[in-house]
Amino acid sequence: MSAALQVTAFGLALLSTLFLLLATCTDCWMVNADDSLEVSHRCRGLWRECVTNMQDGVRTCDQYDSILADHPVKIVVTRTLMITADLLAGLALATLLLGLDCITFLKEDPCVKLKLCYGAGVTLCAGSILGLIGSVWYAVDVYVERAMLVSHNIFLGVHYDFGWSCWLGMAGSMGCFVASVLLTCCLYACTAPSSRCQPQRHPRPRGRAATSEMYAMDSRV
C-alpha cells in the first residue's frame with residue numbers, strides 16, 4: 001500500500017512540477033479580454049509580451065528589459081516566487097526518487113527511505129505554497145487593475161484578463177500540495193507501526209547493574 005502511494009505521489013509531483021515550469025517559462029499570464037472583434041491575440045508573460053495575428057498566424061514577441069532593470073512589483077514578486085517554487089519542487093522530486101521503495105538505493109535501510117519521503121513531502125508543500133501565492137498574486141493584481149479601470153471608465157485600447165499560464169501555475173501548485181499530503185499524512189497512516197523509525201533504547205548492561213547493586217549493599221553494611 002505504501003509503495004503504491006509513493007508511486008502515485010511521485011507521478012502527481014512530476015506532472016505538477018512540469019506545470020510549474022511551463023507556467024514560469026510561457027508568456028500568457030495576461031491575455032486581452034475585449035468584447036470587440038480583434039485581429040490579433042495579445043499575451044503578456046513574466047519575461048516577454050507576444051502578439052499573434054489571427055489572420056495569418058504570425059507571432060511576434062517583445063522581450064522585456066534586463067532582469068536588473070526596473071519592473072512592476074507584480075512581475076518581480078511572481079518571478080521570484082515561481083522560480084523558488086520550481087527549485088523546491090525539483091529538489092523534492094530528486095529526494096522522493098531516492099526514497100521510493102522500488103529504487104534499490106538504501107534498500108537495506110527503510111527508515112532512511114521513509115525519512116526521504118517525508119522530507120520530499122515537506123519540500124513539496126513549501127514549493128506549492130510559494131507557487132500558489134505567486135499565481136494568485138498575479139491574478140488578483142490583474143483583476144484589481146482591470147476593475148479600477150472599468151470603475152473609472154478608462155479604456156486604454158485593450159483590457160487584460162489572466163491567461164492559461166496563470167491557471168497552469170495554480171494547477172501545478174495545487175498538484176504539488178496534494179502530493180505533499182500523500183507523502184506526509186497519508187503515507188504515515190498507511191505505514192505499519194513496525195516500519196516507522198522508532199528511537200532505539202539500549203538496555204543497561206546487567207553485569208554493570210549487578211555490580212552497582214552489590215557495591216550499594218556493601219556500603220550499607
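Because the structure is predicted, anything quoted here is derived from the model rather than measured.

**Considering the overall build of the protein chain**
Next up, step 1: Along the protein chain, the regular secondary structure elements total five helices and five strands.
Next up, step 2: Written out in order from the N terminus, the α and β elements of the protein chain read α-β-β-β-β-α-α-β-α-α.
Next up, step 3: Across the 221 residues that make up the protein chain, the buried fraction comes to 33%.
Next up, step 4: Restricting to contacts in the protein chain with at least 6 residues of sequence separation, those with at least 24 account for 63%.
Next up, step 5: Accessible surface computed for the protein chain: about 13500 Å², of which carbon and sulfur atoms make up 66%.

**Topic: the side chain of T78**
Next up, step 1: Tracing the backbone through its elements, the reader meets T78 in helix α2 (residues 73–99).
Next up, step 2: Leaving out residues up to four positions away in the same chain, T78 has contacts with W29, L46, G134, W137 and Y138.

**A word on a nonpolar patch on the surface**
Next up, step 1: Nonpolar side chains collect at one region of the surface, where V136, V140, Y143, V144 and M148 lie side by side and expose about 470 Å² of accessible area between them.
Next up, step 2: Of the residues examined, M148 reaches a relative accessible area of 48% and is grouped as partly exposed.

**Here's the deal with the pairing of strand β4 (residues 59–63)**
Next up, step 1: Pairing of strand β3 (residues 48–53) with β4, which is carried by five bridges, proceeds in the antiparallel orientation. Note that in β4 the partner of T52 across the bridge is R59.

**Some remarks on the nonpolar core**
Next up, step 1: Grouped together as the largest cluster of nonpolar side chains are 27 residues, with contacts concentrated most on W29, L96, L124, Y138 and L183.
Next up, step 2: Only α1 (2–25), α2, α3 (110–151) and α4 (164–190) provide two or more residues apiece to this core.
Next up, step 3: With seven residues, α4 is the single largest residue contributor to this core.
Next up, step 4: With sequence-adjacent residues up to four places away left out, L124 is seen in contact with A13, A89, A92, C176, A179, S180 and L183.

**A look at the side chain of S180**
Next up, step 1: Tracing the chain through its elements places S180 in helix α4.
Next up, step 2: Apart from residues no more than four positions distant in its own chain, S180 is found in contact with G121, L124 and C125.

**Quick notes on the pairing of strand β2 (residues 40–44)**
Next up, step 1: As defined by bridge partners, strand β1 (residues 30–32) adjoins β2 across two bridges and the pair is classed as antiparallel. Its bridge partner lying in β2, M30 is registered against R44.
Next up, step 2: Examined bridge by bridge, β2 and β3 share five bridges and lie antiparallel to one another. From the neighbouring strand, C43 faces β3, where its bridge partner is C50.
Next up, step 3: In textbook terms, the turn of a hairpin is the stretch between consecutive antiparallel strands, and for β2 and β3 this stretch comprises three residues.

**Section: the confidence of the model for the protein chain**
Next up, step 1: Looking at the protein chain, pLDDT values average 77 and 71% of them are 70 or higher.
Next up, step 2: Averaged pLDDT values for the elements of the protein chain fall to 50 in helix α5 (residues 206–220) and rise to 90 in α2.
Next up, step 3: Note that residues 199–203 has pLDDT below 50 and, in this model, zero contacts with residues that lie over four places away or in other chains.

**Details of the pattern of salt bridges**
Next up, step 1: Counting across every chain of the model gives two salt bridges.
Next up, step 2: In this structure, the salt-bridge partner of D27 is R48, at a minimum N-O distance of 2.8 Å. In this pair, D27 sits in the loop between α1 and β1 while R48 sits in strand β3, placing the two residues 21 residues apart along the sequence.
Next up, step 3: Take R48: its relative accessible area is 29%, and that puts it in the partly exposed class.

Definitions and cut-offs
For every chain, the first residue of the written sequence is number 1, and numbering continues from 1 onward in sequence order. Given that this is a predicted model, residues contribute local features only at a pLDDT of at least 70 and side-chain atom pairs are listed and counted only at 80 or more, while totals for whole chains, interfaces and linings are drawn from all residues. To get the side-chain values, all heavy atoms of the structure are used, and hydrogens and water are removed first. Secondary structure counts use DSSP, requiring at least four H or I residues in a row for a helix and at least two E residues in a row for a strand, with both numbered from the N terminus. Accessible area is worked out with a 1.4 Å probe on protein chains only. A residue is then buried under 20% of its type maximum, exposed over 50%, and partly exposed in between. In what follows, residue pairs with any heavy atoms lying within 4.5 Å of each other are defined as contacts. Surface exposure here means Shrake-Rupley accessible area, sampled with a 1.4 Å probe, where a residue is shielded only by the protein chains that are shown. Two joining distances apply to patches: 9 Å for like charges and 5 Å for nonpolar side chains (Val, Leu, Ile, Met, Phe, Trp, Tyr), and every residue must have over 30% relative accessible area and no salt bridge. Whenever Lys or Arg places a side-chain nitrogen within 4 Å of a carboxyl oxygen from Asp or Glu, that contact is recorded as a salt bridge. A pair of strands is treated as paired once DSSP finds two or more bridges between them. Put simply, a nonpolar core is a bunch of buried Ala, Val, Leu, Ile, Met, Phe, Trp, Tyr and Cys residues held in one set by side-chain atoms that sit within 4.5 Å of each other. pLDDT expresses how confident the predictor is about each individual residue, on a scale running from 0 to 100.

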